[in-house]
Amino acid sequence: MKVLGIETSCDDTGVAVLEDGRVLLSNLLSSQVDLHGIFGGVVPELAARKHLDALLPLVDEALSEAGVSFKDIDCIGVTNRPGLIPSLLVGVTFAKGLAYALDKPIVAVDHLEAHAFAIFLEREVEFPFVALVVSGGHTSLFYVEGFGSLKRLGQTLDDAAGEAFDKVAKLLGLGYPGGPAIDRVSKMGDPGAVKFPVARTKGYDFSFSGVKTAVAVYLKKNPDARPEDVAASFQEAVVEALVSKTLKAAVDTGAARVVVSGGVACNSRLRERFLKEAGRLGMEVFFPSPKFCTDNGAMVAYVATYRYKQGDRASLDLDVSSRSWI
Ligand code: KG4
Ligand code: ZN
């Protein structure tokens, strides 16, 4: 069974062809990072226009790289939530047009579920596990009991962790996207140089707007501070919040495994701290490879495959939403 996965929820156009949920025949990405870099963040209307330009050539290329044609595709999986509405609309409208013209079924995919299951493109993970999805738009914790069976434990009450990375990088003049830049310069800084506070939130929720403001205030008062030290100290505060809440959730729910996914899961300090502290608790922690952590079409095709097998079909009335179903 061959599934065409389409991802356009934010600023990356992702298209993949996945066979039987196991063999990735192609996985292509068209990034808009240079365009949005000029503005220091994603501009929704521009993102949608770029998806419109990129989608058809990328689908053609993905099919040709996979060595298949439209008639070989059994199902079209498309992200319809959560995300930027103009961006989602381009992907969903395109998928519906394709499904109608080719008389193929569509499966609607939740972007957060796709991130939580991206690890399965590379290896199986035994259920149950706790999944931390941490990216530019989301910071959510899930208890995952099976394929398509997720319960939300908590989420950010304000900024996503990746958004905080991007905003702090801007304050430090490190450019966009900020996460990789902060990761890089932090290696030359002292993570204990400044004690930035992270808000104490209830249960398994997160909050990152306070630490971002604390960095802005600190930089105003200390204009000569070493950017490497500020970056490393900020990163340490965010990593501490992510690691401690996630592992607490795993202990409390009795899940002995943790999956960390989304763009921020590329962060080297986050990976290091998770591995060390999960190991101490006798837990296993899994990270997809960076290309499957950030937005991609393969994770969408993966979720569409099992949901198709479970009998899921979207109608041609399929709509988009800024909210996750989970
Ligand atoms: O998953 P993703 O590609 O798109 C969203 O769904 O948001 O994540 C992008 C986010 C950006 O905020 C970017 O700064 C962050 O992931 N990011 C990182 C790293 N690489 C990407 N944050 C921290 N450290 C990194 N190495
Ligand atoms: Zn994402």
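Look up: the structure comes first, before these words.
Criteria and thresholds
- Residues numbered from 1 in each chain as written.
- Chains lettered and ligands numbered in written order.
- Predicted model: local features only at pLDDT ≥ 70, side-chain atom pairs only at ≥ 80, totals over all residues.
- Heavy atoms only, no water.
- Helix = DSSP H or I, 4+ residues; strand = E, 2+ residues; numbered from the N terminus.
- Expected span 1.5 Å × (residues − 1).
- Buried < 20%, exposed > 50% of the residue type's maximum accessible area, 1.4 Å probe, protein only.
- Contact = heavy atoms within 4.5 Å.
- Pairing = 2+ DSSP bridges.
- Axes fitted to C-alpha atoms, helices over the stretch in contact; angles between N-to-C directions.
- Polar contact = N/O pair within 3.5 Å; in protein donor to acceptor, adjacent residues only side chain to side chain.
- Core = buried A, V, L, I, M, F, W, Y, C linked by side-chain atoms within 4.5 Å.
- Donors = N, O, S within 2.8 Å, 3.2 Å for Na, K, Ca; no water.
- Tetrahedral: all angles 85-135°; square planar, octahedral: opposite > 155°, others 65-115°.
- Near = heavy atom within 4 Å.
- Areas by Shrake-Rupley, 256 points an atom, 1.4 Å probe, with all protein chains shown as cover.
- Nonpolar A, V, L, I, M, F, W, Y, C, P; charged D, E, K, R; others polar.
- Domains from an automatic or database assignment.

(A) Inspection of helix α3 (residues 85-102) at higher detail. When the terminal C-alpha atoms of α3 are compared, their 25 Å separation across 18 residues agrees well with the 26 Å that a helix rising 1.5 Å per residue should span. Within α3, the full set of buried residues consists of Ser87, Leu88, Val90, Gly91, Val92, Phe94, Ala95, Lys96, Leu98 and Ala99. The inward-facing, buried residues of α3 abut β1 (2-7), α2 (44-66), β4 (75-81) and β5 (106-110). At the exit of α3 stands Asp103, carrying a positive phi of roughly 55 degrees.

(B) The arrangement of the sheet that holds strand β6 (residues 129-134) in detail. Spatially, the 5 strands line up as an open sheet ordered β8-β7-β6-β9-β10, and their pairing is mixed. On the outer flanks of this sheet lie β8 (149-155) and β10 (284-286), each paired with one strand and no other. Each strand axis lies, on average, 25 degrees off the axis of its neighbour in the sheet, ignoring direction. Sheet topology places strand β7 (residues 139-146) next to β8; 6 bridges connect them, and they run antiparallel. By the bridge assignment for β8, Ser140 is matched with Gln155. Together, β6, β7, β8 and β9 (257-261) form the strand contacts of helix α8 (residues 227-253), whose direction differs from that of β6 by roughly 155 degrees.

(C) Spotlight on helix α9 (residues 268-280). The terminal C-alpha atoms of α9 lie 19 Å apart, and with 13 residues this matches the ideal 18 Å at 1.5 Å per residue to within 8%. Considered for burial, the residues of α9 that qualify are Leu270, Arg271, Arg273, Phe274, Glu277 and Ala278. Of the surrounding elements, those touching the buried residues of α9 are β6, α8, β9, β10 and α10 (290-293). Capping the start of α9 is the job of one residue whose side-chain oxygen sits 3.1 Å from the backbone nitrogen of Arg269: Asn267. Taken from the residues just after α9, Gly282 is the one with a positive phi, measuring 75 degrees.

(D) Geometry of the nonpolar core. By size, the foremost hydrophobic cluster in this structure holds 46 residues, and its most contacted members are Phe196, Phe208, Phe234, Leu242, Val260 and Phe274. Secondary structure elements with two or more residues in this core: β6, β7, α5 (161-171), α6 (178-186), α7 (209-221), α8, β9 and α9. Counting residues per element, this core draws most heavily on α8, which supplies 12 residues. Counting residues in each nonpolar core, the second largest holds 33 residues, with Val144, Ala298, Ala301 and Tyr302 among its members.

(E) Broad picture of the coordination of the zinc ion (ligand 2). With distances of 2.1 to 2.2 Å, the protein atoms coordinating the zinc ion (ligand 2) are His111 (NE2), His115 (NE2) and Asp295 (OD). Taken together, the 4 donor atoms surrounding the zinc ion (ligand 2) define angles of 92 to 149 degrees at the centre, an arrangement classified as irregular. The sequence pattern describing where the donors of the zinc ion (ligand 2) fall on their chain is H-x3-H-x179-D. Of this pair, His111 sits in helix α4 (residues 111-117) while Asp295 sits in the loop between α10 and α11 (297-309); the two residues are 184 residues apart in sequence, bridging distant segments of the chain. By the burial criterion, His111 is buried, and Asp295 matches it.

(F) Layout of the site of ligand 1. Close to ligand 1 lie 21 residues; Gly136, Asp166, Gly179, Asp183 and Asn267 are nearest. Contacts to ligand 1 include Ser135, whose side-chain N or O atom sits 3.4 Å from an oxygen atom. At 2.7 Å, a side-chain N or O of Asp166 approaches an oxygen atom of ligand 1. Relative to its unbound accessible area of 550 Å², ligand 1 is 90% covered by the protein chains. Mapped by element, the contributors of at least two residues to the shell around ligand 1 are α4, α5 and α6. Top element by residues in the shell around ligand 1 is α6. It accounts for 4 residues. For the shell around ligand 1, the per-class residue count stands at 6 nonpolar, 12 polar and 3 charged. Of the residues that make up the shell around ligand 1, three or more belong to each of domain 1 (2-116 + 293-309) and domain 2 (125-287).

(G) Representation of the pairing of β1 in the model. The element β1 is extensively covered by neighbouring structure, given that 6 of its 6 residues are classed as buried. Residues Lys2, Leu4 and Ile6 of β1 are buried on one face, and the alternating residues Val3, Gly5 and Glu7, pointing to the opposite face, are buried as well. With 6 bridges joining them, β1 and strand β2 (residues 12-19) adopt antiparallel strand pairing. Across the sheet, Glu7 pairs through a bridge with Gly14, a residue of β2. With 4 bridges joining them, β1 and β4 adopt parallel strand pairing.

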